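# Observations on chain architecture
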Amino acid sequence: MIEATPIRARCDAANRLVEADEPLAGLQRRCGGEIPGLIAVPSLLALVRKSRRARLPLSRMIVAVDEGRAIAAWASVRPSADVTYVELSQWRPTNMAPPVTDLAPPEDLLRQLAEGELLLDPEQRVLAADLRAPDLGGLAAALEHGAGRFWTDFVRLDRAGAKQPLHWRLLDDVTFAVSGSLRRWRARILPQVGGRFALLMLPETIDRLPHELPDTVTTQPAWNSLLGRDLAPALRQPINRIIANAETIRTRLAGPLADEYANYATDIAEAGRHLMGLIEDLADLEAVEASDFSPAPDHIDLADCARRAGGILSVRARECGIVVETPPASETAPAIGEFRRVLQVLLNLLSNALRYTPGGSTVHITVGVEGRTAWVSVSDEGEGLTAQQAARVFEKFERLGRSGDGGSGLGLYISRRLARAMGGDLQVAATPGKGACFVLTLPADQAEALRVGL
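A few points on the structure. (Residues numbered from 1 in each chain as written. Predicted model: local features only at pLDDT ≥ 70, side-chain atom pairs only at ≥ 80, totals over all residues. Heavy atoms only, no water.)

Here the focus is the packing of aromatic side chains. In the structure shown here, the tally under the stated rule is three aromatic pairs. Look at Trp151 and Phe176: their rings are 5.9 Å apart centre to centre, the planes differ by 65 degrees, and that puts the pair in the edge-to-face class. Taken together, the positions of Trp151 in the loop between helix 4 (137–144) and strand 9 (156–157) and Phe176 in strand 10 (residues 175–177) put the pair 25 residues apart, joining distant regions of the chain. Taken individually, Trp151 and Phe176 each receive the classification buried, so the pair is uniform in this respect. Where Tyr261 meets Tyr264, the ring centres are 5.7 Å apart and the plane angle is 85 degrees; that geometry is what we call edge-to-face. Note that Tyr261 and Tyr264 are positioned in helix 7 (residues 259–289) at a spacing of three residues, about one turn of the helix. By relative accessible area, Tyr261 is classed as partly exposed at 48%. Here Tyr264 falls in the partly exposed class, since its relative accessible area comes to 48%. Seen from the ring of Phe394, Arg416 lies directly overhead, with NZ or CZ sitting 3.9 Å from the centre. (Phe/Tyr/Trp six-rings, centres within 6.5 Å; stacked < 30°, edge-to-face > 60°. Helix = DSSP H or I, 4+ residues; strand = E, 2+ residues; numbered from the N terminus. Buried < 20%, exposed > 50% of the residue type's maximum accessible area, 1.4 Å probe, protein only. Lys NZ or Arg CZ within 6 Å of the ring centre and 35° of its normal.)

Now the structure itself:
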């Protein structure tokens, strides 16, 4: 089916997707990205980067893999100084194979994330610097008067004993602090032609702007930062590439293939998705358990969030033979919360409902406002939960004995932490044999509720 309505999006100067219509917004999230966040669709990222570098509007057909299906669209990109406008048309399923040449290599992705770059000689001495972050002004001034010295002379390394002279591989991925910057930084060292090196300065937290930085610098990472913060960004791209290539093989888009090899590719893709889910859950776990975690509250509509969640998972629901019933377009439930986090909770609840609900049944998503509380419920027609299961279901790593369902046991724990961080809660009723019903509550947007007559 061809999407007739143009799909519009907006990117910033760092090639981060800041606004996007469906279905591009859903594809961005399913590819491991966020909004706002670096474009996660490789073919679109390549086109946007090419357009910005050339400073010219460009158009071409792009192909991506969306939950096992190849999707094609005609992409038009128009760059300006700070904003890049994207419009996709003729969005449709296709038999074309995703072009491998459009997959951005890791070095290009790292350069997109880096906020500073140093050119080093073979001995790791500074030859030149390009520092773009406002909080690196002090380092820029020091480098201007200290060319020819080891780069480690200008920073405070977190790794004890990591002093020059050392082989560059021993300094690759080291973390450090910079005078005048409240952020911690990570060094990625890339060999260049002629024995030189490019040192990319990557902020440890890449989704905060300089004016949103914390007041203190943590010199020692938390126990789980290796899993959530350090490994997750590095693993997303290669795992997504494994999944995309496995799906290309499985669907025989590249040519005829024996059934047993197509089945191997199916197993590889499913294993990749399982690993990606674990990585995302671990990254979210670190975020919600951080002492400084704080959602960004805004005026949202729970009914709109419910309809978006249903739309994102509509293909999966149809494949399972399940009907997802969302609030009608005329219904609203004004609330105060962070849109991205609310959508994350609803997608988790709806995914669980699709996983444990028999085919031919219906999942109901309903909303409402009662006094100071707005709520949205996700109810299914599965086996339901006993009182003992309902008491345990929100515990960390709890899977209620379902060892083969592909889950990590973190989704509901993270969802409840998010709900409570936004001033609400997430509850479930014990209804064995009658299906499960999860209810997310948030503070109501009372002014908007009064305006619309709720």
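Right, picking up where we left off after that structure.
Here helix 12 (residues 411–421) lies mainly inside the structure; eight of its 11 residues are buried. Among the residues of helix 12, Gly411, Leu412, Tyr413, Ile414, Ser415, Arg416, Leu418 and Ala419 are the ones counted as buried. A positive phi of about 85 degrees marks Gly423, the residue just after helix 12.

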